Amino acid sequence: MLVVVCSVKGSPGATTLSVALGARWTGPEEPVVVEADPGGGDLLARWRLEENPGLKSLAAAARRDSDPGLLAQHAQVLPGGLRVVAGPVGAEQARSALAVLAGGSSSVVRAAAEVAGQVVICDVGRIDAQSPALPLLRTAEVTVLLARARDDELAHVAQKLDTLAKWTPHPALVLVGEGYATREVERELGVDVLARLPHDPRGAAVLGGQPGRRSPSRSALGKAAASLADLLRAQAPAPQDDLLAADVHLNGTRP
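Here is a short report on the structure shown in this document. (Residues numbered from 1 in each chain as written. Predicted model: local features only at pLDDT ≥ 70, side-chain atom pairs only at ≥ 80, totals over all residues. Heavy atoms only, no water.)

## Structural notes on the sheet that holds strand S2 (residues 30–35)
Line of reasoning, step 1. Reading across the sheet, the eight strands line up as S3-S4-S2-S5-S1-S6-S7-S8 and stay open at both edges, with mixed pairing between neighbours. Each edge of the open sheet is held by one strand with a lone partner, namely strand S3 (76–77) and strand S8 (193–197).
Line of reasoning, step 2. Of the pairings in the sheet, the one linking S2 to strand S4 (residues 83–85) comprises three bridges and is parallel in character. Looking across to S4, one finds that Val32 is bridged to Arg83.
Line of reasoning, step 3. The strands touched by helix H8 (residues 151–167) within the sheet are strand S6 (142–149) and strand S7 (171–179), with S6 carrying the most contacts at an inclination of about 155°. (Pairing = 2+ DSSP bridges. Helix = DSSP H or I, 4+ residues; strand = E, 2+ residues; numbered from the N terminus. Contact = heavy atoms within 4.5 Å. Axes fitted to C-alpha atoms, helices over the stretch in contact; angles between N-to-C directions.)

Shown next, in the form of structure tokens:
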């Protein structure tokens with residue numbers, strides 16, 4: 001199973017959510033997070049990881065071998081056991097690696113996502129028509145479009161909805177934090193919201209590698225990510241033309 005997490009404007013927390021989904025994945029599948037952001041990665045700095053193994057070494061290996069097991073071989077393990085393939089900090093290096101790794105149905109990433117008992121969660125950052133990560137959206141079981149419920153980000157979401165439907169067969173809109181009510185966003189955009197994640201700086205700090213914080217399983221964001229993982233697993237197998245729908249608000253009752 002391949003889950004892609006992206007945004008079309010701003011930085012609503014695609015990397016943090018990708019790690020949260022991996023850390024709190026509720027199914028029997030073994031998760032691995034791939035930082036496939038063409039703008040450069042954050043995991044190396046946040047978690048003080050080594051540059052290799054990672055996205056660069058995976059791309060180099062993929063030039064010679066298409067074994068789906070390569071993904072696990074080039075992952076590092078975060079405290080708690082989550083496997084991550086961290087992207088390089090530099091955008092030029094990240095885009096070069098993605099040119100090799102995001103090659104549609106023939107890519108190593110897609111091959112790894114088809115391995116029984118494994119889910120690949122790809123953070124592709126801000127997506128646009130020039131992104132080298134775009135082929136990952138086209139083959140994903142679900143693409144999570146992340147946005148804050150405020151004017152500046154929602155205006156860009158509204159402009160991109162038709163285009164996004166052409167980029168990926170299974171998009172799902174997820175809102176983050178405070179702002180417009182969920183039903184108001186649904187009415188104005190004409191689409192359903194799959195979920196809404198809480199504004200939880202302490203939970204985000206845990207998922208960003210800061211020490212001395214509470215466990216992700218106890219934070220509001222961690223609990224919401226576990227609920228979102230359930231929704232993604234349940235809805236991914238059924239093809240749909242429109243945004244995936246679920247009458248749910250992950251931060252308490254719907255506004």
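## A few points about unusual backbone geometry
Line of reasoning, step 1. Looking along the chain, the bond that leaves Asn52 and enters Pro53 is cis, with omega of 5°.
Line of reasoning, step 2. Looking at the element boundaries, Pro53 is found in the loop between helix H2 (43–47) and helix H3 (55–62).
Line of reasoning, step 3. A positive phi is found at Arg48, a non-glycine position, where the angle reads about 55°.
Line of reasoning, step 4. With respect to the secondary-structure elements, Arg48 resides in the loop between H2 and H3.
Line of reasoning, step 5. Taking the relative accessible area as the measure of exposure, Arg48 reaches 67% and is therefore exposed. (Buried < 20%, exposed > 50% of the residue type's maximum accessible area, 1.4 Å probe, protein only.)

## A few points about the pattern of salt bridges
Opposite charge on two side chains makes pairing possible when the charged atoms of those side chains draw close.
Line of reasoning, step 1. Counted by the stated rule, this structure contains eight salt bridges.
Line of reasoning, step 2. Of the charged contacts in the structure, one is a salt bridge between Arg150 and Asp152, with a shortest N-O distance of 2.9 Å.
Line of reasoning, step 3. The exposure class of Arg150 is partly exposed, given its relative accessible area of 39%.
Line of reasoning, step 4. Of the residues examined, Asp152 reaches a relative accessible area of 39% and is grouped as partly exposed.
Line of reasoning, step 5. Among the salt bridges present, the one from Glu153 reaches Arg150, with a minimum N-O distance of 3.6 Å.
Line of reasoning, step 6. Residue Glu153 is classed as buried on the basis of its relative accessible area of 1%.
Line of reasoning, step 7. Overlapping salt bridges bring together Arg148, Arg150, Asp152 and Glu153 as one network. (Salt bridge = Lys/Arg side-chain N within 4 Å of Asp/Glu carboxyl O.)

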